[in-house]
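Take a look at the letters that make up each chain.
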Amino acid sequence: MKNVTVVGLGKIGLPLAAIFANCGHFHVYGADINKLVVDQVNQGISHVNNEPGLDELVAKAHQKKSLEATINTAEAVSKSDIVVVIVPVLTRENGQINYQYIDSAVEEIAKGIKMGTLVTFETTLPAGDTRNRFGKTIEKISGLTMGKDFFLSYSPERVYSNRIIKDLSSYPKVVSGYNKRSLELATDFYKKGLNCEILQVSTLESAEFTKVAECVYRDVNIALANELAIYANNLDINIMEVIKAANSEPYSNIHLPGVGVGGHCIPVYPYFFINNGMHEGLTTLSRKINDSMAEYAVELIEEIIGSLKDKTILILGLSFRGNVKEPTKSSTLLLIEALKERETTVCVDDPLFNPDEISKYGVIPFSNQLADQIDAIILQAYHDEYQKIDFSVFENCSLILDGRNVLNQREIENLGMKYLGIGIK
Ligand SMILES: NC(=O)c1ccc[n+]([C@@H]2O[C@H](COP(=O)([O-])OP(=O)(O)OC[C@H]3O[C@@H](n4cnc5c(N)ncnc54)[C@H](O)[C@@H]3O)[C@@H](O)[C@H]2O)c1
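Some remarks on the overall build of the protein
The number of helices and strands found in the protein is 16 helices and 16 strands. Its C-alpha atoms put the protein at 70 × 45 × 35 Å along the principal axes. Scored against the burial criterion, the 425 residues of the protein give a buried share of 54%. When contacts within the protein are restricted to residue pairs at least 6 apart in sequence, those whose partners lie at least 24 apart make up 71%. Of the roughly 18,800 Å² that the protein leaves accessible, carbon and sulfur atoms contribute 51%. Averaged over its 41 positive side-chain charges, the protein has a centre that lies 8 Å from the centre of its 53 negative ones.

A look at the domain arrangement of the protein
The domains assigned to the protein are domain 1 (2–202) and domain 2 (208–425). Just the C-alpha atoms count here: the centres of domain 1 and domain 2 sit 33 Å apart. Residue-level contacts link 24 residues of domain 1 with 22 residues of domain 2. For the pairing of domain 1 and domain 2, the buried interface totals around 2,000 Å² over both sides, and the portion due to carbon and sulfur atoms is 53%. Summed over the three residues of domain 1 that lose the most area to domain 2, namely Thr91, Thr124 and Tyr160, the buried surface amounts to 24% of that side. On inspection of domain 1 and its partner domain 2, the count reaches 2 salt bridges.

What counts and how
- Residues numbered from 1 in each chain as written.
- Predicted model: local features only at pLDDT ≥ 70, side-chain atom pairs only at ≥ 80, totals over all residues.
- Heavy atoms only, no water.
- Helix = DSSP H or I, 4+ residues; strand = E, 2+ residues; numbered from the N terminus.
- Buried < 20%, exposed > 50% of the residue type's maximum accessible area, 1.4 Å probe, protein only.
- Contact = heavy atoms within 4.5 Å.
- Areas by Shrake-Rupley, 256 points an atom, 1.4 Å probe, with all protein chains shown as cover.
- Lys, Arg positive; Asp, Glu negative; His and termini not counted.
- Charge placed at Lys NZ, Arg CZ, Asp CG, Glu CD.
- Domains from an automatic or database assignment.
- Buried area = accessible area lost by both parts, 1.4 Å probe.
- Salt bridge = Lys/Arg side-chain N within 4 Å of Asp/Glu carboxyl O.

Dropping the structure here:
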């Protein structure tokens, strides 16, 4: 049985480690710098919420003793034939890439790596980084030669939180290798580990750019939907009806408009492309459009209820997306900024966060006692809990802005409140 180390036991790394540990082919070490995560995994407990099937897989692997977590990456790597890297690359406020976490993970890998090991990167990366940044670091620290003494692969992770385990078995796995042997080893590993369709591409850079291109496509498509929604709103046309009708034609796949785009991926990875010489053009413009939707939404509210100074607005959802506990680049942060500029009191509700976690953003965590103080509500992340929300408790609320175009317009209007969507009024 081969040993695999998965470096980074986060929302994606833990599901991967748990699947590999249950496939019958591998003993898995999960390496993470967070001791709490390591301790939980070593008790058979998943620290990732709302991921169907994950709790069971972690518990099963623990029982079978096929998954062991550690904070010592180099030691785990020294015992492994395959190393999977799924530690995030972030961007700074100015869009510049922050390699801090992954650089230090790769240094640890390089200290432990032995002859013949395959290192496969899954973190979304700018094209060229697997070969030129990380492969070279491993060579420099370990003294081993890429493609001869150790093997290198890149295989993007394209899954969606809340359905990772399903996506891992149903999406084709795009796999690339530094050379023929690297590709063979990576293909064999993913076939055994994931039991899914494998889509080989010819270079590491093609595989890296595949994921970035997917994200750029989605960001640009959403920006287009937002632009169409703003136009529809001006003409009093319901954009959702238009998109549904337009997408009945097989070549039309207009995405959904909304109050903004958030999370680790779509607002981040276009910068891997923009910052590498593509400063102007559609991608940059799309980023601007999507990031301006929060301001647009606040202006829509202002047009109806007037100055927002000293008004109290409740934002539903701190998370960037429904049912995922992830505040990174959430549109809520842009909404808070736009409202604070207007001296509005901002309350935020999110059933996935505790009040302390919410107040860190300089807002008031919502509690039921505040319901009668709310002047307007913005739905930002459509958590399951909000499907059953009783808006009648907001006695003094005159307007609901549905930032995801999912609420029941008629029910809200029957309560005597104004309903606004993004491209619906
Ligand atoms: N979350 C998603 O929906 C998603 C979807 C597709 C792809 N991805 C890719 O997966 C990557 C990881 O995302 P995630 O959501 O799992 O991140 P995450 O923040 O949930 O987890 C990252 C983990 O890495 C650990 N870590 C940080 N530095 C480390 C180091 N030096 N050594 C070992 N562990 C370290 C952290 O402690 C954390 O547990 C993203 O950067 C992205 O490229 C994410």
